[in-house]
Amino acid sequence: MKIVHLTLLVFVACWSAGLSGVAHAKDEVGSLIALRGKAVIERTGTTTAAKVKEGILFNDALATREASRAKVLFIDDSVLSMAENSKVVIKEFLYSREKGGKSIFNLLDGKMKAVVGRTNFEVHTPTAVAAARGTTIYFEEGIKDGKRYTLIICGETDKELVITSPDPKIKDTAVLTTGMMIIIFEGEPFPLPMPAPASEIERLESLTEITDFALSIPGPFAPGTGWLSLELPYAPTIDQPPLNKTTPVTIDLIFK
Amino acid sequence: MGWGKLNRLSVLVIGAALFFSSSFAHATEATYEQHIAKGIASVEGDNYSVAIDEFSAALREKPGDFRATLYLGIAQSRSGAAEAEATLKRARSMRPDDPRAGLELGIFNFNRSFYNVATYYFDDVKRIAPNSEFSRKADDYLAAISESKAAKRWLLRIAVGGQYDSNVVLNTAEGPLPQGISNKSDWRAVVTLNGRYDFVRAGEGSASIGYNFYQSLHAKLSDFNVSQHILDLSGTYHISPTFDLQGTYAFEYTFVGGDGYDYAHSLMPSLVVTEGKGFSTTVSYMYRRNHYMNSDLFFDNSDRSGSYNQTGVVQNIPLYGNIALAKLGYFRDNDGTRQAVWDYNGQRVIAALQFALPQRILIDLSAEYYRKHYKGAFVDGGPLRRDLVRTASISVTKLLSERYSITAGEFYTRNKSNTPEFDYTRAVTSLFLTARF
């Protein structure tokens, strides 16, 4: 019985250690690694300005402003690159190094490039649900001629990108492979996927990538102004030899 | 094997090659993006060695890629690696009209004080991308270069304070005080002055002249008041981004109790190796010619005159994101005098730690272990003298403003010797107010 208890204890300890990569509500699931312009994070009802190196939590909504771009790296090595005026919500994120996991993002508006990591990856838009593993996907969500649409381009992959509809009335499914795209309008059946023009891929690539500004530029600093260059008061050491220790004795001679 | 079978086999081989190569290409793009993203995160987290690995991996996925080359060069530059220059130049040659590579080359040379070269790159960035964030950053750096060139060439530091010395006369623990000496411990006031003037300042190096003055005034033991003057000429030459050559000549004159105690000439060349990320190694040599003078208090002092040699190496280690600096050093020295009783060979190990706390407080800790083997016995027929000197010190400095600071310190020495006359303990407690100009 003792052995059973001990085994259970060890098992629970190992399971807990193995879950070190599992994201709970308060854990960071990623971090904002690059920002050009302005972006905000909406978290538990408050909106704050996003900063580079800031952690992204489960249920956060990240929104970029005009002429702005953001790049987020997640703990499963997924990468989201957002164009201006885009908004994405981290709807679900469960991941462990050993078991993989699942991640779901809601793209509410704008354009985004996703590099899928080690989880079963899904992006939900108002008009489409894309599920994939191990690929690069471009998304554009917007309104055209009064109708909401989602454009999806499947980048290079050796797996399939499966598209379904969030509308229970639309049972269509589309499968995209490398270089294929689909534009899905709200409330309409899925069209057939078609080859994505190189110009479309280049357009979305240029709108989402932050090449020259991805790494922050340090400012100049004057050398020698840091605290650690302070010199402390100087004091010489005098390594003197031993002093003369003899004590002179006075002897009074009295002659009688 | 018939032609039919050979053709089918060829088709199979070619098909397999195409399949695996296309799979490899699919993995390559996503893998490349992930390496780039992880490298960016590492640079922003100041983890440059990881960033270099990630961008190098991205380059293996996409050889000759501009973005990976540029980011690799930036990570190398941030880490202080010398190869950053070649990498950034490669990126710049791929896209000559991209301002970021040129800006980073300017920053790389600025950080090495090669201001003329840095100015060339910053001017080029302003030409390529006027009215951009890059040109504004280039302007910031150009302004810093102008400030540096116009910056004052001199500095002056004055410290005034008091000390309590538990053993001014370096008396042994049990021994009686020498004749005429009322006590071994005493209070003293101390004034120090340190000045330096850079008379040469160029991208390749600098030269300066310095003067240091020390004066102590004891409350009772005025015979042990020390006045010391040190004049020095120093120079630095940047051999390369990794190696700097430094040299100092110094002349020193010391008075004790108003009488001449010693004067000395010193030569100290050293080589500084910059390993990047704040790490550096200094290999040094010192030659010192001592001339000790006899006085009423030290009537055999001149026996100690001679030549002193020291070689050593010190390693500087930044800690905790550069808010702390550790030093480890090892030295070997020998002193050749007029009497074998004063000649010795020594080995010394030092360790120091300096770190900054909030509220503008600086802590300095140091320890030294010094073993000296003398070549003569102090008493005829006695053992060859062996000294083991252990020293420890701590000081706390509070910056009151950019100009003024206050320092409290404690300095402890235990000189354990097999010759009783040299076995002593000493502790000095200090409080100083320092002004910098």
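Anything mentioned here points back to the structure above.
Note that the coordinates shown come from a computational prediction; the quantities given were computed from them, not determined experimentally. (Residues numbered from 1 in each chain as written. Chains lettered and ligands numbered in written order. Predicted model: local features only at pLDDT ≥ 70, side-chain atom pairs only at ≥ 80, totals over all residues. Heavy atoms only, no water.)

Visitor: Can you tell me about unusual backbone geometry, naming the residues and giving the values?
Guide: Phi angles above zero are rare outside glycine, and Asp77 of chain A is one such case at about 70°. With respect to the helices, strands and loops of the structure, Asp77 of chain A is situated in the loop between β6 (69-74) and β7 (79-82). For Arg360 of chain B, which is not glycine, the phi torsion reads 55° and is therefore positive. Mapping Arg360 of chain B onto the fold places it in the loop between β10 (344-357) and β11 (361-374). (Helix = DSSP H or I, 4+ residues; strand = E, 2+ residues; numbered from the N terminus.)

Visitor: Before we move on, could you go through helix α2 (residues 198-208) of chain A and cite the residues and values that matter?
Guide: Residues and elements named next belong to chain A. When we look at burial in α2, the residues that qualify are Glu200, Leu204 and Thr208. Mapping the buried residues of α2 onto a view down its axis gives an arc of 55°, with all of them on the same face. Contacts made by the buried residues of α2 are with β6, β7, β9 (100-115), β12 (135-144), β13 (147-157) and β16 (180-185). (Buried < 20%, exposed > 50% of the residue type's maximum accessible area, 1.4 Å probe, protein only. Arc of directions from axis to C-beta. Contact = heavy atoms within 4.5 Å.)

Visitor: Residues and numbers for the environment of Ser31 of chain A, please.
Guide: Residue and element names in this part refer to chain A. For Ser31, the position within the fold is in strand β1 (residues 28-36). On the basis of relative accessible area, Ser31 is assigned to the buried category, the value being 19%. Between the C-alpha atoms of Ser31 and Lys71, which are 40 residues apart in sequence, the distance is 8.7 Å. Contacts of Ser31, omitting those with residues within four sequence positions, involve Lys53, Glu54, Gly55, Ile56, Lys71, Val72 and Leu73.

Visitor: Describe the side chain of Lys113 of chain A, naming the residues involved and giving the relevant values.
Guide: Along the chain, the position of Lys113 of chain A falls in strand β9. Within the structure, the side chain of Lys113 of chain A is placed 3.0 Å from the side chain of Glu205 of chain A, a separation counted as a polar contact. Each residue touching Lys113 of chain A, except ones within four places of it in the same chain, is listed here: Val79, Leu80, Ser81, Thr136, Ile137, Tyr138, Glu205, Thr208 and Glu209 of chain A together with Glu33 of chain B. (Polar contact = N/O pair within 3.5 Å; in protein donor to acceptor, adjacent residues only side chain to side chain.)

Visitor: Mind laying out the pairing of strand β13 (residues 404-417) of chain B, listing which residues take part and the relevant values?
Guide: All names here are of chain B. Note: strand β12 (residues 386-399) against β13, 13 bridges, orientation antiparallel. Directly across from Ala392, in β13, lies its bridge partner Tyr412. The antiparallel hairpin formed by β12 and β13 contains four residues in its connecting segment. Relative to strand β14 (residues 424-436), β13 runs antiparallel, the two being bridged by twelve bridges. Of the residues in β14, the one forming a bridge with Ala408 is Leu431. (Pairing = 2+ DSSP bridges.)

Visitor: Please set out the pattern of salt bridges residue by residue, giving values where relevant.
Guide: All names here are of chain B. Following the criterion strictly, the structure yields 30 salt bridges over all chains and no others. The salt bridge partner of Arg196 is Asp232, with a shortest N-O separation of 2.8 Å. Of this pair, Arg196 sits in strand β2 (residues 186-202) while Asp232 sits in strand β4 (residues 226-238), placing them 36 residues apart in sequence. When its relative accessible area of 27% is taken as the criterion, Arg196 is described as partly exposed. What makes Asp232 buried here is its relative accessible area of 7%. Of the charged contacts in the structure, one is a salt bridge between Arg288 and Glu252, with a shortest N-O distance of 3.0 Å. (Salt bridge = Lys/Arg side-chain N within 4 Å of Asp/Glu carboxyl O.)

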